[in-house]
Amino acid sequence: MTTTRTAAVAWLAALALLTATGCSGADRPAGDRAPADAAKLDLTATTPAAEDALAKANWLLEDEPDSLDLDAQGTSAGRIVLTNVCERLYQLQPDMSTKPHLAEKGQASADGKTLTLGLRDDVTFHDGSKMTADDVLWSLKRHADPDMEQADEFENVAAMEKTGEHEITVRFKEPDALFLKALAGDAGIVWNKARVRESGKEFGTPGQPDACSGPYELTRWDSGDSITIRAHDAYWGEQPLTREVVFKWATDSALVNALKTGAADGAYAESPNTAAALRGDKGLSQYYGPSTASLVLIPTARGGMQDDRIRHALSLALDRKGIAESGFGGLVQPWASPVGSGAWGYEKDTFAAAQKKLAAGAPASPDADDLAEAKRLVKESGAPTEPVVIGTDASQGRTVTANAVRAALQRIGLKGEIKTVPTAQFEEFYSDEQARGDIDLLVGDWYISKADPVGFYDNGLSTSPNNWVGFKDAAYDRLVKKALGTLDDTERAGLATDIQQRFVEAAVWIPVAQVPTILVLDSELTGPTSSQAYLYYPWAAGLGKKKAG
Amino acid sequence: MTTVHAIAGRISRRVAGLLATLFAASFVIFAAVYAAPGDPAVFLAGGRDKLTPERLAQVRAQYHLDEPLVVQYGRWLWDCVHFDLGRSFKYSDQVADLITARLPTTLQLVAYASVLFVVLGVGAGILAAVKRSTWVDSAVVGGTTLAASVPSFVAAIALVSLFGVQLGWFPVTGAGDGAMDTLHHLTLPACSLALGALAVISRVTRQAMADAAASDHVEAARASGVPERDIVRRHVLRNALGPIVTMCGLVMAGMLAGTVVVETAFGISGIGSLLVGAINTHDFPVAQAVLLLMVTGYIVVTTLVDLVHPLLDPRVKEATAR
């Protein structure tokens, strides 16, 4: 048993290394074990609460953080570390809802154009100084700087000022429903102004202290080796169970081996195939949680995909379950909307009900009726003879998806052709219209950082650079604009499901699967969040041993 | 006096040659990284949802990516001659700091692997040459042929799954702290790196010794009754050292640039992974600095080999003196 498993790991590693060195190759799930049943993945946002303290945890990242100044360079590796060290005005909860945090309360005016933030007065930074309204205002202005990453979250902001000892007032050009969600993300981090200034240009690089107020403080960053955070004794909130977390980084086989041998206690697996290779390992538990990430097919306006009937036909004929199982070890879930369930940060029941209704247009495995309807749509559109060019890179998951798309096209009487590009070039499909000039369909993926579906559906606006197929619907544009300015959750959820219906009906993008957050953890430990909130919530503070003793 | 002049002249010629090579290499490298597929702004924009034309333009302006190649290169060169390697696009840290943090690990790895392949490779080669046409020779040739055909990443995976995961004798990731721990951590990586080189070196050693053994003066020595042991040591091996040392130097210099695969397999952050990461994300300042460092390393090692040669083989000295 052990031998076959090792052989599987070895192959996974061999192929993964090929990818790492730039040759064609792929990360693939272990072939000798049955994949998880994709349709039955149970997504939970939290893991059972920990009961006992832990002196030190070894955590793995998939890459070294670029910088710990998330304004300059925000990567998930940096966020996983920093979310335990830094705090935000609002806090994303494991269930993906948003709660006031460093801001005790936020009060929107009746017209929605003014937001008054009442700040906590008991927060201290790690250097012992008190958090003041000046720190908050300075931080917000730093985030809003056009050179900084979060600048786009402040597009609707007209002015920000200090209006009291513990009060900040933000004025908007137009009401902005997503602004509070942004404050639970990187746009809401409160920096210790004096500290950031002291570090100057070096802020966020190895050897510099942090400038935050969270449960952990940054004690060491040895460039190229490890990052250590330690529980801050004078933390203004509750003390965490785990005293110290040491982060190291590794990819593919090295990551799998480190977890397997116990050299690392846990990791958030960014690639489902890494987790698939570790399934069934007795010393490790796996938790799957809601995330906004999804696998999608993004059509362009070049060839046959221009016709929405063809896009629908493809959606009906696609074997999503097959893709999930052979491409991703069953660790992604066939899905009927282009954004994962982690985006449902409010009114979950409304969104869940709407999702169920969409399932008919995006079956997990197409049946005879689906195929008949798809063929009818193709016939009605005049059955284009030019092959559909499918753009992908050489990774296992995308290759399987591209082949499944080609199979689906064949099943309904169309031709498909796969165009494979290197990974470095793949990202250009997203940014450069010319780069996608010779493909009809991109095997893509997407996620959003704010837990609100409305934050996704602006991709369907007629002016959006991500609306490649040229979908134009004045009513849709109006609804999105309205939803973006609607602060009431119930009302916005209603608008959002309406928008979603229109987006899916027009098949602006074709949904394939939702990609859960995957937490791989030593079986003796528990506690961290298992939803996408691990990027914005102090997950390490909950980490600890299962039972006392 | 003349010898001092001659030496000074030789050194200055070498230094000038080095600088010219570096200059040419730096431009070629810069142009190559510039021309590689992929748009650096895409990696710097901060996520898919931020890939709007406006944000990309903003990023390009911020990092001077909108300027022509020659202007960007000139800017880099100007800073470089002022001893400023610049800041990494990706890490926003000083390039010099990034390299200093990672170089020791890679150097240790290469040094360890070099010790392994020199000692074992030359040893196996001598053994095969001395026991020529016996089963020992066949075993060495066969074994090294097999070793040469195993790419280092396959060796890495085989070693790690056997000695790391199954037997648990060696750690599977990281580079360790402190001398003994580092040795423990780097054993498997060094072995996988040395395996291919070991084959090449033993083959070269065997062949060079066979050639030397066939020469007239060895025959003469043998005829005049010099003990076989002394013949091997003083005549055969001595004369064979030139090609062996040259080959060892070249292989070692090549290793400096070839650690990435092994670093990835063992989760070691060294110069190799830094370089590949930098090339993939178009991090010009880092790629440029690391590649130049590798070119310099290669030149230094090969120059050292050139300098050592005359000491090993008096015939070379005479040739250069003339």
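A few points on the structure. Bear in mind that the values here come from a model prediction, so they are computed numbers and not experimental data.

## So, the overall build of chain A
1) Next: Tallying secondary structure elements over chain A gives 17 helices and 21 strands in all.
2) Next: Computed over its C-alpha atoms, the radius of gyration of chain A comes to 24 Å, within 12% of the 24 Å expected for a compact globule of 549 residues.
3) Next: Split into buried and exposed, the 549 residues of chain A put 59% on the buried side.
4) Next: Considering only intrachain contacts with a sequence separation of at least 6, the fraction spanning at least 24 residues in chain A is 71%.
5) Next: Taken as a whole, chain A presents about 20300 Å² of accessible surface, with 49% of it coming from carbon and sulfur.
6) Next: Of the charged side chains in chain A, 56 are positive and 78 negative, and the gap between their average positions amounts to 3 Å.

## Some thoughts on the packing of helix H5 (residues 95–130) of chain B against helix H10 (residues 228–256) of chain B
Residue and element names in this part refer to chain B.
1) Next: With their axes 10 Å apart at the nearest point, H5 and H10 run at an angle of 150° to one another. Classified by the angle their axes make, H5 and H10 are roughly antiparallel. Seen from above, H5 lies across H10 with right-handed handedness. Residue-level contacts link Leu-107, Val-110, Ala-113, Ser-114, Phe-117, Val-118, Val-122, Ile-126 and Val-130 of H5 to Val-232, Leu-237, Ile-244, Cys-248, Val-251, Met-252, Met-255 and Leu-256 of H10.
2) Next: When its residues are assigned to classes, the contact of H5 with H10 shows 16 nonpolar, 1 polar and no charged.

## As for the pattern of salt bridges
1) Next: Per the stated rule, a full pass over the model turns up 31 salt bridges over all chains.
2) Next: Its salt-bridge partner being Arg-102 of chain B, residue Glu-64 of chain A comes within 2.5 Å of it at the nearest N-O pair. Here Glu-64 of chain A, found in the loop between strand S1 (54–61) and helix H2 (76–82), pairs with Arg-102 of chain B, found in helix H5, and the two come from separate chains.
3) Next: A relative accessible area of 1% means that Arg-102 of chain B is categorised as buried.
4) Next: Here Asp-69 of chain A and Arg-142 of chain A are joined by a salt bridge, their closest N and O atoms 2.8 Å apart. Of the two residues, Asp-69 of chain A sits in the loop between S1 and H2 while Arg-142 of chain A sits in helix H3 (residues 133–144), which places them 73 residues apart along the sequence.
5) Next: Since its relative accessible area comes to 14%, Arg-142 of chain A is described here as buried.

What counts, and where the lines are drawn
- Residues numbered from 1 in each chain as written.
- Chains lettered and ligands numbered in written order.
- Predicted model: local features only at pLDDT ≥ 70, side-chain atom pairs only at ≥ 80, totals over all residues.
- Heavy atoms only, no water.
- Helix = DSSP H or I, 4+ residues; strand = E, 2+ residues; numbered from the N terminus.
- Rg over C-alpha atoms; globule rule 2.2 N^0.38 Å.
- Buried < 20%, exposed > 50% of the residue type's maximum accessible area, 1.4 Å probe, protein only.
- Contact = heavy atoms within 4.5 Å.
- Areas by Shrake-Rupley, 256 points an atom, 1.4 Å probe, with all protein chains shown as cover.
- Lys, Arg positive; Asp, Glu negative; His and termini not counted.
- Charge placed at Lys NZ, Arg CZ, Asp CG, Glu CD.
- Axes fitted to C-alpha atoms, helices over the stretch in contact; angles between N-to-C directions.
- Parallel < 35°, antiparallel > 145°, perpendicular 65-115°, else oblique.
- Left-handed = near helix turned anticlockwise from the far one by under 90°.
- Nonpolar A, V, L, I, M, F, W, Y, C, P; charged D, E, K, R; others polar.
- Salt bridge = Lys/Arg side-chain N within 4 Å of Asp/Glu carboxyl O.

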